[in-house]
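Chain by chain, the residues:
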Amino acid sequence: MIVRILGEGQYDVADNALDRLNALDAAVETAVEAGDQDAFAPALHALLEGVRTVGVAHALDSLDESDLILPPADASLAEVREMLADDGLIPG
């Protein structure tokens with residue numbers, strides 16, 4: 001699966017890493033739903049760092065379409081709220 005972090009690039013993420021990323025995504029979703037800015041920023045940072053850790057940088061010259069698009073590290077709670085689907089930023 002190809003995951004794009006807006007403003008940063010794409011990462012190839014193995015399907016077996018999605019459970020770990022879904023747990024991090026749940027923390028982001030909970031913070032957004034509660035409007036909890038203090039919990040939101042660290043949760044988003046942890047999710048993006050999780051993608052960077054489990055993923056491998058996708059070739060910069062590749063024109064492959066992303067399977068998932070995540071907000072940039074400096075995204076606001078309101079911006080992420082607009083991006084959330086029914087099952088978070090990472091489906092599953």
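Quick notes on the rules
- Residues numbered from 1 in each chain as written.
- Predicted model: local features only at pLDDT ≥ 70, side-chain atom pairs only at ≥ 80, totals over all residues.
- Heavy atoms only, no water.
- Helix = DSSP H or I, 4+ residues; strand = E, 2+ residues; numbered from the N terminus.
- Expected span 1.5 Å × (residues − 1).
- Buried < 20%, exposed > 50% of the residue type's maximum accessible area, 1.4 Å probe, protein only.
- Arc of directions from axis to C-beta.
- Contact = heavy atoms within 4.5 Å.
- Polar contact = N/O pair within 3.5 Å; in protein donor to acceptor, adjacent residues only side chain to side chain.
- Core = buried A, V, L, I, M, F, W, Y, C linked by side-chain atoms within 4.5 Å.
- Patch = residues over 30% accessible without salt bridge, like charges linked within 9 Å, V, L, I, M, F, W, Y side chains within 5 Å.
- Areas by Shrake-Rupley, 256 points an atom, 1.4 Å probe, with all protein chains shown as cover.
- Salt bridge = Lys/Arg side-chain N within 4 Å of Asp/Glu carboxyl O.

**Brief notes about helix α2 (residues 37-54)**
In this model α2 runs 26 Å from its N-terminal to its C-terminal C-alpha over 18 residues, within 8% of the 26 Å that 1.5 Å per residue would give. Among all positions of α2, only Phe40, Ala43, Leu44, Leu47, Leu48, Gly50 and Val51 are buried. Burial along α2 is one-sided: seen end-on, the buried residues are contained in an arc of 150°. Against β1 (2-5), β2 (9-12), α1 (18-34), β4 (68-70) and α3 (77-83) lie the buried residues of α2. Its side-chain oxygen at 3.1 Å from the backbone nitrogen of aspartate 38, aspartate 36 defines the N-terminal cap of α2.

**Observations regarding the nonpolar core**
One recurring pattern in soluble globular proteins: nonpolar side chains tend to sit buried together. Residues Val13, Val28, Phe40, Val51, Leu70 and Val80 are the most contacted members of the largest nonpolar core, which totals 24 residues. For this core, the secondary structure elements donating two or more residues are β1, α1, α2, β4 and α3. With six residues, the top contributor of residues to this core is α2. Those residues within four positions of phenylalanine 40 in sequence are excluded, and the remaining contacts are Val28, Ala31, Val32, Ala75, Ser76, Leu77 and Val80.

**Observations concerning a nonpolar patch on the surface**
A cluster of nonpolar side chains, Leu6, Ile69 and Met83, forms an exposed patch at the surface whose accessible area comes to about 220 Å². Mapped onto the elements, methionine 83 comes out in helix α3. Given a relative accessible area of 32%, methionine 83 falls into the partly exposed group.

**Observations regarding the pattern of salt bridges**
As enumerated under the stated definition, the model contains two salt bridges in all. When the shortest N-O distance is used, the salt bridge between arginine 52 and glutamate 8 registers 2.8 Å. Within this pair, whereas arginine 52 is found in helix α2, its partner glutamate 8 is found in the loop between β1 and β2, the two being separated by 44 residues in sequence. For arginine 52, a relative accessible area of 24% corresponds to the partly exposed category. Given the relative accessible area of 36%, glutamate 8 is considered partly exposed. One salt bridge in this structure joins glutamate 49 and arginine 52, with 3.1 Å as the shortest N-O distance. You can see glutamate 49 and its partner arginine 52 sitting in helix α2, three residues apart, about one turn around the helix. The partly exposed category is assigned to glutamate 49, whose relative accessible area is 34%. Taken together, the shared-partner salt bridges connect Glu8, Glu49 and Arg52 into one network.

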